[in-house]
Amino acid sequence: MRPVGTGNDPSRSRYRDDWDAAADHWNVIGEIARRRGFKLYTHNHDQAYNFLLDRGPLDDQGRPTRSSGKRMLEYFFEISDPRAVWFQFDIFWAHVAQHRYRTYVDASGRERRDIFDPAQTVARRARRFPLFHAKDGERTGEPPGEGMGWAMVPFGQGDIDFARFFTEIGNRGNYVPLWEQDNAPSSTDPGQSLRFAEISYEALSRLRSRRRR
C-alpha cells in the first residue's frame, strides 16, 4: 500500500506563519517519500477547516486577530507540493467543520458568513486524496456553530449522504474509502466493535456495488 501518513493535521495553529513552516516541512519529507515510491499523507480533523488569522490589528504578541476568510487547510493545499504531499480526507470531521466554522471577522471588523462544502473542497483537487475515512454520523440537532452537530454511528446508519459525496468528488476508482468509528469500542459490550465493523462493512460494500453499476 503506497500511502503512508499521520493521523493528525499539519498544524493546530491558526496563524499563517505556522502553516508556512508546516508546508516547508511536509514538502521536504513528502519528496523523500515520493522518491521511495510512497505517498505521504496528512489526515484532517474539523479544526483544520477553521479560518486563518492573517489580517487586521495585531495582538500584544504581534499576531493578527482577524481573517481573510481563507481556511487553514485550504491554504495548506495551495502552498504544499501536489507531487509530494497527499491527504486522507475524514468525511465525518469535515461535516463537523461545516457545522462549526461558518463565520469569520474580516480585516475591517465585519462578520462574514462562509459555508464549507466537504465534497467541493475535495472535487477541486480530487487526485490529492488517495484515501478517505468513511466515518458516518447522525445530526444532533444543535444550532449551527454550537457543539459538534454530529454524533458518530456505524456506517450506513447516519445522515451523511455518502452516495452524493462520492458522486460529486468524481475521480471514481482512484481512492480507497476506509471505515473508522472512534466510539466503536465499549467497556460494557466487548463485542460492539466487531458488530459495528460488520454493519459498516456491509453498508460500505453495498454503496461500492451501487457505484460500479
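Thresholds applied
- Residues numbered from 1 in each chain as written.
- Predicted model: local features only at pLDDT ≥ 70, side-chain atom pairs only at ≥ 80, totals over all residues.
- Heavy atoms only, no water.
- Salt bridge = Lys/Arg side-chain N within 4 Å of Asp/Glu carboxyl O.
- Helix = DSSP H or I, 4+ residues; strand = E, 2+ residues; numbered from the N terminus.
- Buried < 20%, exposed > 50% of the residue type's maximum accessible area, 1.4 Å probe, protein only.
- Axes fitted to C-alpha atoms, helices over the stretch in contact; angles between N-to-C directions.
- Parallel < 35°, antiparallel > 145°, perpendicular 65-115°, else oblique.
- Left-handed = near helix turned anticlockwise from the far one by under 90°.
- Contact = heavy atoms within 4.5 Å.
- Nonpolar A, V, L, I, M, F, W, Y, C, P; charged D, E, K, R; others polar.
- Core = buried A, V, L, I, M, F, W, Y, C linked by side-chain atoms within 4.5 Å.
- Pairing = 2+ DSSP bridges.
- Expected span 1.5 Å × (residues − 1).
- Arc of directions from axis to C-beta.
- Polar contact = N/O pair within 3.5 Å; in protein donor to acceptor, adjacent residues only side chain to side chain.
- Phe/Tyr/Trp six-rings, centres within 6.5 Å; stacked < 30°, edge-to-face > 60°.
- Lys NZ or Arg CZ within 6 Å of the ring centre and 35° of its normal.

**Points about the pattern of salt bridges**
Within this structure, the stated rule accounts for 17 salt bridges. The partner of glutamate 31 in a salt bridge is arginine 34, with the nearest N and O atoms 2.7 Å apart. Residue glutamate 31 and its partner arginine 34 are located together in helix α1 (residues 16-35), separated by 3 residues, close to a single helical turn. Overall, the relative accessible area of 15% leaves glutamate 31 in the buried class.

**Some remarks on the environment of glycine 156**
The topology assignment puts glycine 156 in the loop between β10 (150-153) and α5 (162-169). Between the C-alpha atom of glycine 156 and that of threonine 65, which follows or precedes it by 91 residues, the distance is 41 Å.

**Remarks on the packing of α1 against helix α2 (residues 72-79)**
Look at α1 against α2: their axes get within 10 Å of each other, and the N-to-C directions meet at 45°. As summarised for this structure, α1 and α2 are arranged oblique, according to the angle between their axes. The handedness of the crossing between α1 and α2 comes out as right-handed. Facing α1, whose interface residues are Arg16, Trp19, Asp20, Ala22, Ala23, Trp26 and Asn27, α2 presents Met72, Leu73, Tyr75, Phe76 and Ile79. The class makeup of the residues in the contact of α1 with α2 is 9 nonpolar, 1 polar and 2 charged.

**Brief notes about the nonpolar core**
Judged by nonpolar contacts, the single largest core of 45 residues is most densely connected at Phe76, Phe89, Phe132, Phe165 and Phe166. The element best represented in this core is helix α3 (residues 91-100), accounting for 6 residues. Dropping the residues within four chain positions of it, phenylalanine 76 is found in contact with Pro10, Trp19, Ala22, Ala23, Trp26, Thr42, Val85 and Phe87.

**With respect to the pairing of strand β5 (residues 85-90)**
Burial analysis of β5 places 6 of its 6 residues in the buried class, which makes it a mostly covered element. Along β5, one buried face is formed by Val85, Phe87 and Phe89 and the opposite face, lined by Trp86, Gln88 and Asp90, is buried too. Pairing of strand β2 (residues 39-43) with β5 involves 4 bridges; the strand directions are parallel. Each residue of the ladder has a partner; that of tyrosine 41, found in β5, is tryptophan 86.

**Things to note about α1**
When the terminal C-alpha atoms of α1 are compared, their 28 Å separation across 20 residues agrees well with the 28 Å that a helix rising 1.5 Å per residue should span. Looking at α1, one finds that the buried residues are Trp19, Ala22, Ala23, Trp26, Gly30, Glu31 and Ala33. Buried residues in α1, looked at end-on, bunch into an arc of 160°, giving them a common side. The exposed set on the far side of α1, more than 90 degrees from its buried face, consists of Asp17, Asp24, Val28 and Arg35. Structurally, α1 contributes buried residues whose contacts are with β1 (3-6), β2, α2 and β5. Glycine 37 sits one or two positions beyond α1 and adopts a positive phi of about 90°.

**Section: α2**
Counting buried residues along α2, 6 of its 8 residues qualify, which places the element largely inside the surrounding structure. Those residues of α2 lying buried are Met72, Leu73, Glu74, Tyr75, Phe76 and Phe77.

**Considerations on the side chain of lysine 135**
You can see lysine 135 is positioned in the loop between β8 (131-134) and β9 (136-139). Look at lysine 135 and you get buried, because its relative accessible area is 1%. A polar side-chain atom of lysine 135 sits 3.0 Å from a polar atom in the side chain of glutamate 180. Filtering out sequence-adjacent residues up to four positions away, lysine 135 remains in contact with Asp90, Phe92, Trp93, Met152, Ile160, Phe162, Glu180 and Asp182.

**Looking at the packing of aromatic side chains**
According to the stated counting rule, one finds 19 aromatic pairs in the structure shown. Seen from their ring centres, phenylalanine 89 and phenylalanine 129 are 5.6 Å apart, and the 90° between their planes marks the pair as edge-to-face. Of the two residues, phenylalanine 89 is situated in strand β5 and phenylalanine 129 in the loop between α4 (118-123) and β8; the sequence distance between them amounts to 40 residues. Judged by its relative accessible area of 1%, phenylalanine 129 is buried. Stacked on the ring of tryptophan 86, the Lys or Arg lysine 39 has its end atom at 4.3 Å from the ring centre.

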